[in-house]
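# A structural walkthrough
Here is what each chain is made of, one letter per residue.
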Amino acid sequence: MNRLLLLLTVMFGTVLTVGLWIPFKALVAQELLELAWAESQARQIETRPWPWADTWPVARLSLPELGQSMIVLDGAHGESLAFGPGQVLGNAAGPGPVVIAGHRDTHFTSLRHLEAGSELKLQTRSGKWYRYRVNSIRVVDSRYEQIDTARLDDHTLLLVTCYPFDSLDSRGPLRYVVQATFEPVSVAAAGSDPLQIDTVAGL
Amino acid sequence: MMLPTTLLRLELDKPRLAPRRVKRCCEGVSLWLAMLLLLFVHPLYAEAASAAEGTGMLEFVDADGRHQGQATLLNTEYQVRVSGLIADTRLTQSFRNTSQQWREGVFVFPLPEKASVYGMTMRVGEREIVGDVREKQEAKRRYEAAKKAGKNAARVDQQRPNLFTTHLANIPPGETITVELNYQQTVRYQSGEFELRLPTTLTPRYMPGEPLAQSPQQWQGGWARPTTAVPDADAISPFTVQAEDVGDQSHRAVVNLEIDAGLPVADVASPSHALRSTWDGHRVRVAPEQGAVPMDQDVVVRWSPVRGQAPSAAVFHERWQGEDYLLALLVPGLSRNQNLPRELVFVIDTSGSMAGQSIGQARASLLRGLATLSPGDRFNIIQFNSQTHALFMQAVPANGQNLARARRYVEGLSANGGTEMAPALRVALGENSPEEETTGQHVRQVVFITDGAVGNEAALFEQIRQQLGGRRLFTVGIGSAPNLHFMREAARYGRGSYTAISDIADVAGQLDDLFAKMQAPVLTDIAIELPPAAGPAEAYPIRPGDLFAGEPLVQVMRGVKSSGSLGISGRLSDGSRWQTSLDLSRAASGTGLHRHWGREKIDSLMDQTLSGHVGDESRQQVVELALAHQLITRFTSFVAVDSTPVRETSEPLTTDQVPTLLPAGSSSTMLRYPQTATLSPLLTALGLLGLIFSAAGWMLQRRVSR
């Protein structure tokens, strides 16, 4: 009996550790990614955060209203999403729409606090910040809807995460889609942007 | 199980010592908390489960958001018999229901651009139900009634001349029902080579126009919503899936060809698949080497006669229901060497549907085209996706500097965005209109390089017809599954010719042929003189287009006996008359000529309806022809209904939209939403819950052992 109980305790303890390990990893990886991002900005090349990584930082996404900032990785496969939001489509520096996906229980958990009119910022490898404004938030069923990239406007930024936020089902079909549009900023305004200076100093 | 007894003992233990009582209380409280947590977590699970099951489409997509193992598996088989110029195909589509519920299968599929579907049979187990042609609305009514009554029923509709839909109702759980279609087409013969194409999938089409306001916002039959320019967008936009998503149980095509060309065949080849051919006299049996091929690209088969035996004329005769039908083919065998200076406008499609290998093929085609320009020529390049962009303001001389700039431009082309063809055509066809005089010496041609993945073909044909002026339009089909109906008809309205590239290695051969042809038509103003006949004779096409080098003239006639001779005359490129006569008395017997004639007549009737509305009179004529020859048209469908119901009407029926495969080598513009949740909350909750229970167990254990 004692032994059985011990086994159960150890088993559930492991399950709990694994469950907590995922957000812990997501948190720690972002710190490592900061270094890789700084290097890729300095050298203007794709820098892998660790030698065996199959992804690299491509942009920095900042949600100024929530005081959050994170490094966006290339691709949205399970491997990259574990460490940071992944850029599914597009190139933050180039023309065309950008689609970024992230886990609802780690990096993108704060998406629920965004609302229409919220500000988003995206920094490219060149160090330039692009300002976006959220214009719509909707929930889609991924079984019946896909992203038609041909129809997306060039100035669009889509943030995608799973929905509902508190669900335990990790394979649910619903997705929470935040759509934002690029907002050109005048040079003067950009120059006095406290966030920009702050981030550069932070690097 | 243990909880109630524990609690009971807790009650009994009340009068004991204070410290122990506190401990007991803690134990009881923690157990209650565990209970509450369990009750709290359970509805979350229940909610998640019901959300997934409510739609009844659970099998359609697996946990990672990939389409996989949909409930209805679809496989096809093509049995093609080529005799002379007519290819007769028996296409068997088998729908296998792997689910536990009754299913209706809906499958959108392509057929060759000039296919006449003349037969449909539904096979349920041992039984065969032969379908017949009805007016579209009536066919739909009959089908819906049978579906409701629980009977097996099948219906095949035409959405576009090369795009059809099969509806199959009441497939029993675990059973297979097959729908067999018979269609025929003419084999393309040019430059001494025969070509047959079996399309197996379609490139997702772009739907121009604004979404219709009243259209429902949720998903219908396809991924596209009806728009002002394409009101039936949802009917022609089946979901596409990757070949690896459906596994090897579905979307496989078995292809068998039996070629009886009536002359010795020297060579059978395919740019799309590796073939295995066995010769049996004049007959050749052809099948792809790998057996069942994935339905993700057109199966192209080309064969050529033994050198020196390429036919220059052929006549086939058939007597059907007391009428004589004749099919005549003549290759004028003319060529020309004179080179006129040309003004060549290349229009290249850089829309999202061209992404992947297609854009590479298109770039290669364009570079090939640039290489054919000679110093006296003028040229321009126009690319279009959502926007149209021309390289030069107007056509410029083909000098080294301009060509170098053009090559750089072509190298930089990438595929992205929509397929707004109309503005590009307007620019290409309207180019230089005011200064007609300065380019008067030039032959003006437009080369249109595209996959034709648009939903509003008819409007574009009408635009070409109106704006063409003195130009000629040539189309080059790109990709694994180009819309050949578009290529063919656009070239016909553009008084030009068309070709299709299947593979990057195929570019050189096909395009050199086309560009050689394009120098100029060898025969224009063609007139056909039918032999004197007893009754009224009808020949189609009524006005044969101009012939280019290597192209045959094909006429199908009704009411002409196989005697006398057919007079053909035309104007050569130097302006002189040319004429020849074709002896009809040596006609070989052919089959299915009446259907070909019927289809040609229907096409010529439908030509008048391009601008939109179909008159009641021509509609009536089309329906009569279709019923007489048993053909599917825009207004008629095949329907087959079994006599006895098989499904209890109380049992539910679910509709399964069978997806098509994404054409090989193309990258989809439709992006799937990635999987964006981790197991973390579930594991954390599970771990916590388990630990609470273990803790409770420990406490209990201590009490019991004491």
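Within every chain, residues take consecutive numbers counted from 1 along the sequence as written. The lettering of chains begins at A and the numbering of ligands begins at 1, in the order of writing. Restriction of local features to residues with pLDDT of at least 70 applies here, the model being predicted, together with a cutoff of 80 or more for giving and counting side-chain atom pairs; totals for whole chains, interfaces and linings are based on all residues.

## Some points on helix α3 (residues 136–149) of chain B
Residues and elements named next belong to chain B. The line we're drawing: In this text, helices come from DSSP runs of H or I with a minimum length of four residues, and strands from runs of E with a minimum of two, each type numbered from the N-terminal end. To estimate the expected span of a helix, count its residues, drop one, and scale the result by 1.5 Å. Note on burial: count the other C-beta atoms lying within 10 Å of the residue's C-beta; 20 or more is buried, 12 or fewer is exposed, in between is partly exposed, and C-beta positions come from the backbone. The arc in question is the one spanned by the directions pointing from the helix axis to the C-beta atoms. We call two residues in contact whenever the C-beta atoms placed from their backbones are within 7 Å.
Its 14 residues give α3 an end-to-end C-alpha distance of 20 Å, which sits within 8% of 20 Å, the value for a rise of 1.5 Å per residue. The complete set of buried residues in α3 reads Ala139, Tyr143, Ala146 and Lys147. All buried residues of α3 lie within an arc of 100° about the axis, which places them on one face of the element. Structural note: α3 exposes Gln137, Glu138 and Ala145 on the side pointing more than 90 degrees away from its buried face. Contacts made by the buried residues of α3 are with β3 (102–110), β6 (132–135), β7 (151–160), β8 (163–171) and β34 (636–645).

## A word on the interface of chain B and chain A
Across the boundary between the two partners, chain B contributes 43 residues, which contact 48 residues of chain A. Breaking the side of chain B that touches chain A down by element, the ones donating at least two residues are α2 (18–53), β37 (670–671) and α13 (680–705) of chain B. Examining the composition of the side of chain B that touches chain A, we find that 15 residues originate from one element, α13 of chain B, more than from any other.

## Observations concerning the environment of Leu691 of chain B
Residue placement: Leu691 of chain B occurs in helix α13. Under the C-beta neighbour-count criterion, Leu691 of chain B is labelled partly exposed, with 18 such atoms within 10 Å. Measuring from C-alpha to C-alpha, the distance between Leu691 of chain B and Thr121 of chain B comes to 63 Å, with 570 residues separating the pair along the chain. When neighbours within four sequence positions are excluded, Leu691 of chain B is seen to be in contact with Thr9, Phe12, Gly13 and Leu16 of chain A.

## Remarks on the sheet that holds strand β19 (residues 313–320) of chain B
Residues and elements named next belong to chain B. For clarity, the threshold we go by: Any two strands are treated as partners once DSSP identifies two or more bridges connecting them.
On the basis of which strands lie adjacent, the open sheet formed by 5 strands has the order β29-β30-β20-β19-β33 and mixed pairing. Sheet topology places β29 (538–540) and β33 (588–589) at the edges, where each strand pairs with a single neighbour. As paired elements, β29 and strand β30 (residues 553–558) share 3 bridges and run antiparallel to each other. Along β30, the bridge assignment pairs Glu538 with Arg558.

## Points about the packing of helix α5 (residues 357–371) of chain B against helix α10 (residues 507–518) of chain B
The description of two packed helices rests on the angle between their axes and on the distance between the axes. Residues and elements named next belong to chain B. Definition in use: For helices, the fitted axis covers only the stretch in contact; all axes are lines through C-alpha atoms, and the angles between them, taken along N-to-C directions, range from 0 to 180 degrees. Under this scheme an angle from 65 to 115 degrees is roughly perpendicular, one under 35 degrees roughly parallel, and one over 145 degrees roughly antiparallel; angles in between are oblique. Handedness of a helix crossing follows the sense of rotation of the near helix relative to the far helix, less than a right angle counterclockwise being left-handed and clockwise being right-handed. Only Asp, Glu, Lys and Arg are considered charged, only Ala, Val, Leu, Ile, Met, Phe, Trp, Tyr, Cys and Pro nonpolar, and every remaining residue, Gly among them, polar.
Packing of α5 against α10 leaves a shortest axis separation of 10 Å and a crossing angle of 45°. By the angle between their axes, α5 is oblique relative to α10. The handedness of the crossing between α5 and α10 is right-handed. Contacts between α5 and α10 involve Gln361, Ala364, Ser365, Arg368 and Gly369 on the former and, on the latter, Val507, Ala508, Leu511 and Phe515. Classifying every residue of the contact of α5 with α10 by side-chain character gives 5 nonpolar, 3 polar and 1 charged.

## A word on the confidence of the model for chain B
All names here are of chain B. To be explicit about the condition: Each residue carries a pLDDT score, the predictor's own confidence in it, on a scale running from 0 to 100.
In this model, chain B carries a mean pLDDT of 82, and residues with pLDDT of at least 70 account for 86%. Low pLDDT, under 50, characterises residues 1–15; the predicted model gives this stretch 8 contacts beyond four residues in sequence or across chains. Under a pLDDT of 50 for its full length, residues 43–69 has, in the predicted model, 40 contacts with residues more than four places off or in other chains.

## As for the sheet that holds β3 of chain B
Residue and element names in this part refer to chain B. With mixed pairing, 6 strands are arranged side by side in an open sheet as β6-β34-β7-β8-β3-β35. On the outer flanks of this sheet lie β6 and β35 (653–658), each paired with one strand and no other. Direction aside, the axes of adjacent strands within the sheet are offset by 25° on average. Of the pairings in the sheet, the one linking β3 to β8 comprises 7 bridges and is antiparallel in character. Bridging across to β8, Val108 finds its partner in Thr165.

## Concerning helix α11 (residues 593–607) of chain B
Over its 15 residues, α11 of chain B extends 21 Å from the first C-alpha to the last, a length consistent with the 21 Å expected when each residue adds 1.5 Å. Among the residues of α11 of chain B, Leu593, His594, Arg595, His596, Trp597, Gly598, Arg599, Glu600, Lys601 and Ile602 of chain B are the ones counted as buried.

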